[in-house]
Amino acid sequence: YTAEFAFKNRKTREISILFQNSSNMIDYKNAFINKFQELGGKVLFESTFERGEKDFRTQLIKLKESNSANAFITGHVNELGFILKQAAEMNLKLNWFSVPGIESNDLFKITEYGAEGVIFASETTSFKNSPEAVKFREEYLKLMGNEPDFFSANSYDALKLIVLAGQKHGFTSSGIKKGLYETKNYRGVGGLISFDEFGEVIKPISTKIIKNQKFIDYKD
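Everything numeric in this text was worked out from a predicted model, so none of it was measured. Residue positions within a chain follow its written sequence, with the count starting from 1. The predicted origin of the model limits local features to residues at a pLDDT of at least 70 and limits the giving and counting of side-chain atom pairs to 80 or more, whereas totals for whole chains, interfaces and linings rest on all residues. Computation of side-chain values covers all heavy atoms of the structure but excludes hydrogens and water.

S.K.: For this particular structure, what's the right way to read the overall build of the protein chain?
M.R.: Only DSSP runs of H or I covering at least 4 residues are called helices, and only runs of E covering at least 2 are called strands; the numbering of each starts at the N terminus. Broken down by element type, the protein chain carries 8 helices and 10 strands. Judged by the C-alpha coordinates and their principal axes, the protein chain covers about 60 × 40 × 35 Å. Residue exposure (1.4 Å probe, protein chains only): buried if accessible area is under 20% of the type maximum, exposed if over 50%, otherwise partly exposed. Residue burial in the protein chain is summarised as follows: out of 220 residues, 47% are buried. A 1.4 Å probe and the Shrake-Rupley method give the accessible areas. Residues count as covered only by the protein chains that appear here. Carbon and sulfur atoms form 51% of the exposed surface of the protein chain, whose accessible area is close to 12,000 Å². In the protein chain, 30 side chains carry a positive charge and 28 a negative one; their mean positions are 3 Å apart. In this tally, Asp and Glu contribute negative charge and Lys and Arg positive charge; neither His nor the terminal groups of the chain are included. For the purpose of locating charges, the reference atoms are NZ of Lys, CZ of Arg, CG of Asp and CD of Glu.

S.K.: Help me out: how do you make sense of the side chain of Ser47 in this one?
M.R.: In this structure, Ser47 sits in strand 2 (residues 42-49). Beyond its immediate sequence surroundings of up to four residues, Ser47 is in contact with Ile17, Leu18, Phe19 and Gln59. Any two residues whose heavy atoms approach within 4.5 Å at even a single point are treated as in contact.

S.K.: What exactly am I supposed to notice about helix 7 (residues 150-169) here?
M.R.: Given 3.6 residues per turn, any residue in an α-helix points the same way as the ones three and four places further on. By this rule, a helix spans an expected 1.5 Å times one less than how many residues it contains. Taking 1.5 Å per residue, 20 residues should reach 28 Å; helix 7 reaches 27 Å between its end C-alpha atoms and fits that length. For helix 7, the full list of buried residues reads Phe150, Ser152, Ala153, Asp157, Leu161, Ala165 and Gly166. Looking at the buried side of helix 7, the elements it contacts are strand 5 (119-123), helix 6 (131-144), helix 8 (173-181), strand 6 (186-188) and strand 7 (191-195). Remark: Gly170 follows helix 7 within two positions and exhibits a positive phi of approximately 100°.

S.K.: So what exactly am I meant to see when it comes to the nonpolar core here?
M.R.: Nonpolar side chains tend toward joint burial in soluble globular proteins. Joining through side-chain atoms within 4.5 Å is the link that ties buried Ala, Val, Leu, Ile, Met, Phe, Trp, Tyr and Cys residues into a set, and such a set is a nonpolar core. Ranked by internal contacts, the top residues of the largest apolar core, which has 43 residues, are Leu60, Leu63, Trp96, Leu107 and Ile210. It is helix 4 (residues 77-89) that contributes the most residues to this core, 6 residues altogether. Within the second largest apolar cluster, 7 residues are counted, among which are Leu161, Ala165, Leu180 and Phe195.

S.K.: I would appreciate a short explanation of a nonpolar patch on the surface in the present structure.
M.R.: In this scheme, patches are assembled from residues that exceed 30% relative accessible area and form no salt bridge. Like charges are connected within 9 Å, while nonpolar side chains (Val, Leu, Ile, Met, Phe, Trp, Tyr) are connected within 5 Å. What counts as a salt bridge is simple: a side-chain nitrogen of Lys or Arg found within 4 Å of a carboxyl oxygen of Asp or Glu. The grouping of Leu159, Val163 and Phe171 at the surface amounts to a nonpolar patch, some 300 Å² of accessible area in total. For Leu159, the position within the fold is in helix 7.

S.K.: Sorry if this is basic, but what is going on with the pattern of salt bridges here?
M.R.: Between side chains of opposite charge, pairing is possible as soon as their charged atoms come close. For the structure shown, the criterion picks out 12 salt bridges. Note that Lys8 and Glu4 form a salt bridge whose closest N and O atoms lie 2.9 Å from each other. Taken as a pair, Lys8 and Glu4 lie in helix 1 (residues 2-9) at a separation of 4 residues, close to a single helical turn. On the basis of relative accessible area, Glu4 is assigned to the partly exposed category, the value being 30%.

S.K.: Any chance you could explain the packing of aromatic side chains here in plain terms?
M.R.: In this description, an aromatic ring pair is defined by two values, namely the gap between the centres and the angle between the planes. Aromatic rings from Phe, Tyr and Trp, taking only the six-membered ring of Trp, are treated as a pair when their centres fall within 6.5 Å; an angle between ring planes under 30 degrees marks them as stacked, one over 60 as edge-to-face, and anything in between as tilted. Under the counting rule described, the total for this entry stands at 9 aromatic pairs. Aromatic side chains Phe32 and Phe36 sit 5.6 Å apart centroid to centroid with 20° between the ring planes, which places their arrangement in the stacked category. Of this pair, Phe32 and Phe36 both sit in helix 2 (residues 23-38), 4 residues apart, which is roughly one turn of that helix. When its relative accessible area of 0% is taken as the criterion, Phe36 is described as buried. Ring centres of Phe120 and Phe215 lie 6.0 Å apart, and the angle between their planes is 85°; on these two criteria the pair is classed as edge-to-face. Of this pair, Phe120 sits in strand 5 while Phe215 sits in strand 10 (residues 214-217), and the two are 95 residues apart along the sequence. Here the two residues Phe120 and Phe215 agree in accessibility, since each one is buried. By way of ring pairs, the aromatic residues Phe7, Phe32, Phe36 and Phe72 are connected into one cluster. Geometry around Phe7 places Arg13 over its ring, the cationic atom sitting 3.8 Å from the centre. Charges are assigned to positions over rings by a cutoff of 6 Å between ring centre and Lys NZ or Arg CZ, combined with an angular limit of 35 degrees from the ring normal. Geometry around Phe19 places Lys29 over its ring, the cationic atom sitting 4.4 Å from the centre.

Shown next as structure tokens:
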């Protein structure tokens, strides 16, 4: 989704990649590259890093030397935060694309405004789509002191769905699995949720951008 958006909407034709060396982040990276190249895009440079790293200057110097105006970065929020912070300190100005994991308020504790303009695809999450969602946001703000994100919404919805599945088919692994697989168009606090025949969650996706330390829907 992000690769197609970058190529078609942002007219990105060349890109460099920084990715965390973990199975899910490699999956993100491979999915992005496969789609980007399928559309006719070119990958100029790839570099990896381990979870927990905090110094990315070596990778960023190589990224700068690749002469790319665009970069796709995968990782958990801490690593992404340090990448963007250090890129800003090096005055490395790129069009940044990233993964859903960047959507956390913890990012700004590291980068402050270093993440401005980062584009990523994420679940379409609105805390206005139902009375339950509105109430969830209000209670979360009282408890945590900041806005909920899709991680908090997913955690809440996951627990609710497990309980509903268990009540219907029994609190066993097979009972919960059966109940989850049967879930279609469940309106959770994080949006509409369905499961496919492989157990994958199906939710609406939207493109977001970081502006003024907020994650907002991208508008051309």
